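# Geometric and topological summary
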Amino acid sequence: MPRLFTKMSSKAGAAPGTLVHIGQQRVEKVRLSLVTYGPDTIEEHQVDTLEEALSLCDGSGFTWLNIDGIHDIDLIEHLGQHFGIHPLTQEDILNTAHRPKFEEFEHYAYIVLKMLRYDAADNRVLTEQVSLILTGKTLISLQESPGDVFDPVRGRLHKGRSRIRKAGSDYLTYALIDAIVDHYFSILEQIGVQIEEIEDDTLSDPTPKVLQRIHRMKREILYLRKQIWPLREVVGVMAKEEPALIQSDTMIFLRDVHDHTIQIIETIESQRDILAGLLDMYMTGISNKMNEVMKVLTIMATIFIPITFIAGVYGMNFKYMPELEWPWGYAMVWVVMIAVVIVMVLYFNKKKWL
Amino acid sequence: MPRLFTKMSSKAGAAPGTLVHIGQQRVEKVRLSLVTYGPDTIEEHQVDTLEEALSLCDGSGFTWLNIDGIHDIDLIEHLGQHFGIHPLTQEDILNTAHRPKFEEFEHYAYIVLKMLRYDAADNRVLTEQVSLILTGKTLISLQESPGDVFDPVRGRLHKGRSRIRKAGSDYLTYALIDAIVDHYFSILEQIGVQIEEIEDDTLSDPTPKVLQRIHRMKREILYLRKQIWPLREVVGVMAKEEPALIQSDTMIFLRDVHDHTIQIIETIESQRDILAGLLDMYMTGISNKMNEVMKVLTIMATIFIPITFIAGVYGMNFKYMPELEWPWGYAMVWVVMIAVVIVMVLYFNKKKWL
Amino acid sequence: MPRLFTKMSSKAGAAPGTLVHIGQQRVEKVRLSLVTYGPDTIEEHQVDTLEEALSLCDGSGFTWLNIDGIHDIDLIEHLGQHFGIHPLTQEDILNTAHRPKFEEFEHYAYIVLKMLRYDAADNRVLTEQVSLILTGKTLISLQESPGDVFDPVRGRLHKGRSRIRKAGSDYLTYALIDAIVDHYFSILEQIGVQIEEIEDDTLSDPTPKVLQRIHRMKREILYLRKQIWPLREVVGVMAKEEPALIQSDTMIFLRDVHDHTIQIIETIESQRDILAGLLDMYMTGISNKMNEVMKVLTIMATIFIPITFIAGVYGMNFKYMPELEWPWGYAMVWVVMIAVVIVMVLYFNKKKWL
Amino acid sequence: MPRLFTKMSSKAGAAPGTLVHIGQQRVEKVRLSLVTYGPDTIEEHQVDTLEEALSLCDGSGFTWLNIDGIHDIDLIEHLGQHFGIHPLTQEDILNTAHRPKFEEFEHYAYIVLKMLRYDAADNRVLTEQVSLILTGKTLISLQESPGDVFDPVRGRLHKGRSRIRKAGSDYLTYALIDAIVDHYFSILEQIGVQIEEIEDDTLSDPTPKVLQRIHRMKREILYLRKQIWPLREVVGVMAKEEPALIQSDTMIFLRDVHDHTIQIIETIESQRDILAGLLDMYMTGISNKMNEVMKVLTIMATIFIPITFIAGVYGMNFKYMPELEWPWGYAMVWVVMIAVVIVMVLYFNKKKWL
Amino acid sequence: MPRLFTKMSSKAGAAPGTLVHIGQQRVEKVRLSLVTYGPDTIEEHQVDTLEEALSLCDGSGFTWLNIDGIHDIDLIEHLGQHFGIHPLTQEDILNTAHRPKFEEFEHYAYIVLKMLRYDAADNRVLTEQVSLILTGKTLISLQESPGDVFDPVRGRLHKGRSRIRKAGSDYLTYALIDAIVDHYFSILEQIGVQIEEIEDDTLSDPTPKVLQRIHRMKREILYLRKQIWPLREVVGVMAKEEPALIQSDTMIFLRDVHDHTIQIIETIESQRDILAGLLDMYMTGISNKMNEVMKVLTIMATIFIPITFIAGVYGMNFKYMPELEWPWGYAMVWVVMIAVVIVMVLYFNKKKWL
């Protein structure tokens, strides 16, 4: 099950700004990719060290530095020194248990988001933390592992004459956030499909296995919700407070992302409501089943108990039992027993138990 | 069941303003109708192309351009260029999965609403997206398929000397919103009638079928609620923030629509409460039924078990069983057994189980 | 059951301000009563037409025009023309499905309220809509049918030297609202008494009939709540926003009414909580009863099954069954069977099932 | 059970300010006690009439007039005339069904609070209304019956050189409110002890009696909550809006009372949560018990039904039943039956039903 | 179980500022530790009396006075006189039942927090109250007993050239709050581990013992929540209202703590949701088990009841029962009985009860 309660205590009491990587290391080696672009030019480099990357920035045009892997504390510290990033921000980059947030500093803006990935094998949602640092004409993005969510953005950058090439780094920031948020929809779709499956099973055959699936899905949704709720606030603040580093032209696009986040949250809440309803449905289904079992038992018992009693009566060994001597006694007993059965069946029929 | 989780992921990562039609194509060919009107004149044209429609606008008086069918991307793009509509708005028009919203741009206002239709055959509510673009003296309305919700408004336009002819495009905008919102009431009525049916069935005969109907209706309400809630905000913003494109005379009418949307939302919430209560009622009904089944079983078993035991005793083959030899033994056994039955019946009577 | 979902769809799409009476006609003929009063004088007239009433207003002193019956569209239209009432307000007066609201216009204030009546025969609450129009020195009140809720106010008017005679029409408005709100308390009392009855029945004897009464009462409360909640807002707005037509002396009285509406809402919420708790109590009561039934069955079955088995054993026809030949065999079997019964009874006693 | 729905309707429609005593008369004769004090002097008088009391006020120093018993309408009216108290306030003093509130008038402040008392015999909470009127250097307190909650404050007044002697009437007002609020803690403690008792009983032995106690306690808490919630608002307004009649030195003390009221409300909410949980626990306990009963029945039935069948088989009277003739037939039947029993016991053991 | 309802009534009615220690005395003797530090120097002293401590403060640099044990009323009073602390604050320090709060006075700020400790033996959370008084260059911290939560902060102080040495007492205040809040994470982790254990048990084997553990854990969470919720407000006020005694450089660190408190509260809420879901799971598990028991009973009874009846029939003693005389009668009866069993088994198979 997804760990709802991440380990953070290992750092308890440490000085703020103490750089400790919290989370699993997902790549062996940090990889950096650097894109420098302008309306007419674009260059992309895959480099291994931060020094190399920095030496490639010549100041003209806009720069997008993407870092895959965040466990290298030295690199983060170096990055911090070069771009003047507050120690607390450096700490937040390394801490993968952080809530999404937007923070504005004097000369840079810092955004933490969660990227979601659906693990089809395990039927669960995995999260990865993405940090975005927007400072002047440079955007730095830090991911835990290389992913393909940013690929469409990279593609658009390479197409000439697109808005993304002309607009500045703030528009690129928007584009990356938009790519992440758009990706949530596909996650929610996969979850929606599964919920509908569980729904069908609950209505048709409420086995204990279905109960476990409902429970697992409830936890999954709870986990997702915890990851996505703060996003609303983050994008809301960006779309409404008009941060200094974001140009007014980009604001309308951020408002569009804000609409999407609200839609995502509404969908999660709907899914939660449906799951909560499913547990009630399950319970009621179980009761219906038990009712059916009880009816079978009651019908069998109620039909056979009286006639077994009659058979018992004529199995008694009294010396003087006149019926036993009658020539039609045995036949009459059968008649009586069949009559009892018919009466019972009619009674159950009337009660609609059959 | 209504799809609560619409597909939107096909566009994930695309550039904003990329025009992709999201949703089902509901008409084969886009149809345009153009109404130009003023206090004294009115003309209506059915045309096939946007060019034709635009050529018919001579600038005098007010214009209402209604477009049925929104899958034609070229048409939307052309429309956008002609009226200076932002690419994001164009994208929103094509995306039928959008939440209702009101957005004000420099020279136009954009409103997205949901039109509801009740599918009697399938017993479910269908939604259709309506976009309204108010720009100066022109109102453009875009529907997914031709519908009859706007017919009364069209009728009022044709009646001479009515307020709608004299007031401007903003009043026409209001009139269309009002027609959509008023139509919600009839949907809620139909749902209300069905809920009352389900209610009666739950109270009189809680079968598993009723349970499924409760569940289906809960989902339907959940779906409706998700569609209608944002409406409150949309109309609220229009009625309170006094957008520049809407004249102060029209404001009072918008406030009236706002009252109606609140009433609609309150009704949906009531229906939700009642449905939630019905599930509890159903559960309790099932328990009552099981109780009744148990009572029948217990009464039958408790009456016959002791007398069957007595018959069993005198079926034993011991050599020395004095009772068997008594002349009245058999009769006495019957007396005892009948006495046991009477005692049991009195006991159950006292317990009010009969 | 109370109709929670009023018909409003018959008007869908009609022009705003279209005068259509929505609701049942409750009186055959509209009746008007006119009271003109000042600190020293008071005159009361029962008239049949609005013209007559208007001709009796001489402009000196204050005027209270009460109209019983609101189905006469011509009268409302005439009233609207004479006092300059907005078409939308006229529409609202005729629409008995309206939510309570307070609206301030340039030269008049419009208040819609719900008057409640308890139908003892049917055990349900009925609502009637009351419209109040305060315009200068005139107050117009419109009821659906003649009622006795305003009688105490009328009585106070006739008493000389009372505050109500000296204060203006705004104080009279307050007095009428106060009379309506005070009347709610008696309705809530009657409901409270019924809830306590249901409570006793639920605790002592949870029959399916009690379940239906709980359900009915829940719906009744839901209905009441929907009618009364908006009142809080209405009176709150009047008490806090100090409308121009209401003098500051009257404000303190409005705040007092506001306190009462809050108390009424709190009482309704308490009643709702109690009813919700009662359903749980009912469910638990049913479970307790089923438990008792099960215990009786289990005790009977568990005591008799072993001894019936023993009797069965000695009913077998084997040639060589030594026990059957023993002289004390039969007596010993009885001893064994009685011992089994005693052991079982002790066991159940220990389990506290007896 | 506590009456959640107080009678208030007897006054419906009466003129505001009509003085009617609503509630039970708790003392036979109104008693007044007058304390005049200053930093250096203090005098206390028990008087029988208001005239006497007023004649004892010489204007120097501060005055605390405590009135036990509020049913004497003449006295309240006289008091009102002497201190210039608004008729609505007079009405509120007499109405014991009033919600706690704080109201500021031109020259006095009016506070209504509820004093709680725990009736150990009946196991229920009783409320009594306290009105405080702070006007200049005089504080008037009105209680329904003489109580000992104010005794510690009276004691502190008599101690020389205490802050309460030096600070003015506003500090005395605070001191009385503080005494009332502090007393709530002891009430909550007594309720807490009872809840823990109910909790133990629910976990160990969920009898129908425990269910009734849970229900009673839930109602009691609901009642308490309704009385105490408004207090938060009352003290909050006093602590935050800095009323003119309260000196800034006293404000910090009021904020302290505010903290206490929040703590009291949080405790009530916790108690509510626990009680709600207890009902679930009770239900589950009942289910567990029923499960146990069912198991006993099933074990007995399942063990004895097959062996009784075997005995039945050899009780048949067929002419040719070879087993009956076997010398070891009887013994073998016993062996078979014992084997069946052992198999069954092993099966139940495996299922962990034993 | 944790006492949710602390004793506070012993003080009811006492004068405000009356110094009474409320809570358990946790240490025998109060111990004081004094740290005086500056960018370049640091000195630490363990002293026994306040006088000694005060004499060691020479005014240069910053001072941190930590007091373990708060039952010594004289010491608190002395401290209050020396630093000019309001009597109400002194009272709050002594009252361990206080809610977390932040209060700003003219020349000092007062913060109350709860320190949590997990008692592994008893499986419960213990709280301890911590008071922080920030006054100019001095920070006074008061704990109920010596703990190790502050040790990392003390360690950082001793490291030269760290931010904590250069920044003032307000930063030290932050550092202590941060240490307390960070410690909460480890508590939540331990609770999370336990919840997952309970979860596994509920899903695999819902015994009454598991039910008790769920209940205990629910209470524990309720208790924790009550302790931690006010923290959000406390740190929120500090982080947003920029108190005079806290420098703007420290603000960013406080905002970081604020983020952590929100994360803690979200985690507690998640844990609550999961526990609430577990009770439902438990209930459903019980129902599933009962269903299984019922099925076993029904299958056994339904298979054996008819064949026992058949055996009973041929155990009757009628003179004329032709079947008894048939040579293959006995064998045929066996055939019939086996056929009945096979039919029953097939039926149950079809019903998926086997």
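Residues numbered from 1 in each chain as written. Chains lettered and ligands numbered in written order. Predicted model: local features only at pLDDT ≥ 70, side-chain atom pairs only at ≥ 80, totals over all residues. Heavy atoms only, no water.

### With respect to the overall build of chain A
- Broken down by element type, chain A carries 10 helices and seven strands.
- For 354 residues, the compact-globule estimate of 2.2 N^0.38 gives 20 Å, and chain A exceeds it by more than 25% at 34 Å.
- Its C-alpha atoms give chain A principal-axis dimensions of about 120 × 45 × 35 Å.
- Looking at the 354 residues of chain A, the share that counts as buried comes to 61%.
- A sequence separation of at least 24 residues applies to 67% of the contacts in chain A between residues at least 6 apart.
- Entry remark: accessible area of chain A is about 14,000 Å², with carbon and sulfur atoms responsible for 54%.
- Charged side chains in chain A number 36 positive and 47 negative. The centres of these two groups are separated by 7 Å. (Helix = DSSP H or I, 4+ residues; strand = E, 2+ residues; numbered from the N terminus. Rg over C-alpha atoms; globule rule 2.2 N^0.38 Å. Buried < 20%, exposed > 50% of the residue type's maximum accessible area, 1.4 Å probe, protein only. Contact = heavy atoms within 4.5 Å. Areas by Shrake-Rupley, 256 points an atom, 1.4 Å probe, with all protein chains shown as cover. Lys, Arg positive; Asp, Glu negative; His and termini not counted. Charge placed at Lys NZ, Arg CZ, Asp CG, Glu CD.)

### Topic: the pattern of salt bridges
- Summed over the entire model, instances satisfying the criterion amount to 80 salt bridges over all chains.
- Of the charged contacts, one joins Arg272(B) and Glu269(B) as a salt bridge, the two residues approaching to 3.8 Å between their closest N and O atoms. A residue pair is termed a helical-turn pair when its members lie 3 or 4 positions apart in one helix, as Arg272(B) and Glu269(B) do in helix α8 (residues 248–313) at three residues.
- Accessibility expressed as a relative area gives 27% for Arg272(B), which makes it partly exposed.
- The partner of Lys351(C) in a salt bridge is Glu292(D), with the nearest N and O atoms 2.5 Å apart. Residue Lys351(C) is found in the segment after α10 (329–350), and its partner Glu292(D) is found in helix α8 (residues 248–313); the two belong to separate chains.
- Since its relative accessible area comes to 28%, Lys351(C) is described here as partly exposed. (Salt bridge = Lys/Arg side-chain N within 4 Å of Asp/Glu carboxyl O.)

### Some thoughts on the confidence of the model for chain A
Residues and elements named next belong to chain A.
- Summary statistics for chain A give a mean pLDDT of 85 and a share of 96% for residues scoring 70 or more.
- Taking the mean pLDDT of every element in chain A, the minimum, 84, falls on helix α5 (residues 163–166) and the maximum, 92, on strand β7 (residues 138–143).
- Overall fold confidence for the complex sits at a pTM of 0.82, while the interface term, ipTM, reaches 0.76. (pLDDT = per-residue confidence, 0-100.)

### Structural notes on a nonpolar patch on the surface
Residue and element names in this part refer to chain A.
- Side chains of Trp326, Trp328 and Met332 sit close together on the surface and give an oily, nonpolar patch of about 400 Å² of accessible area.
- As for its placement among the helices and strands, Trp326 is situated in the loop between α9 (322–325) and α10 (329–350).
- Judged by relative accessible area, which is 42%, Trp326 ranks as partly exposed. (Patch = residues over 30% accessible without salt bridge, like charges linked within 9 Å, V, L, I, M, F, W, Y side chains within 5 Å.)

### Observations regarding the domain arrangement of chain A
- In terms of domain boundaries, chain A breaks down into domain 1 (16–284) and domain 2 (290–350).
- A separation of 74 Å is found between the C-alpha centroids of domain 1 of chain A and domain 2 of chain A. (Domains from an automatic or database assignment.)

### Brief notes about the relation of the copies chain E and chain A
- Overlaying chain E with chain A gives an RMSD of 0.1 Å, the required rotation being 72° about an axis along which the chain moves by 0.1 Å. Each copy turns onto its partner about a five-fold axis. Identified as the residue of chain E closest to the rotation axis by C-alpha distance is Gly315(E), at 4.8 Å.
- A distinct binding surface is used by each copy, with only 16% of the interface residues of chain E retained as interface residues in chain A. (Least-squares fit on C-alpha atoms with pLDDT ≥ 70 in both.)

### Side note on the pairing of strand β7 (residues 138–143) of chain E
All names here are of chain E.
- Counting buried positions over the six residues of β7 gives six, a clear majority of the element.
- Neither face of β7 is open: one carries Thr138, Ile140 and Leu142, the other Leu139, Ser141 and Gln143, and all of them are buried.
- The sheet contact formed by strand β3 (residues 62–68) and β7 spans six bridges and is parallel. Its bridge partner lying in β7, Thr63 is registered against Thr138.
- Where strand β6 (residues 124–135) lies against β7, six bridges are found, and the strand directions are antiparallel. Bridge pairing in β7 places Val130 opposite Gln143.
- Adjacent in sequence and paired antiparallel, β6 and β7 are bridged by two residues, among which Gly136 carries a positive phi angle near 60°. (Pairing = 2+ DSSP bridges.)

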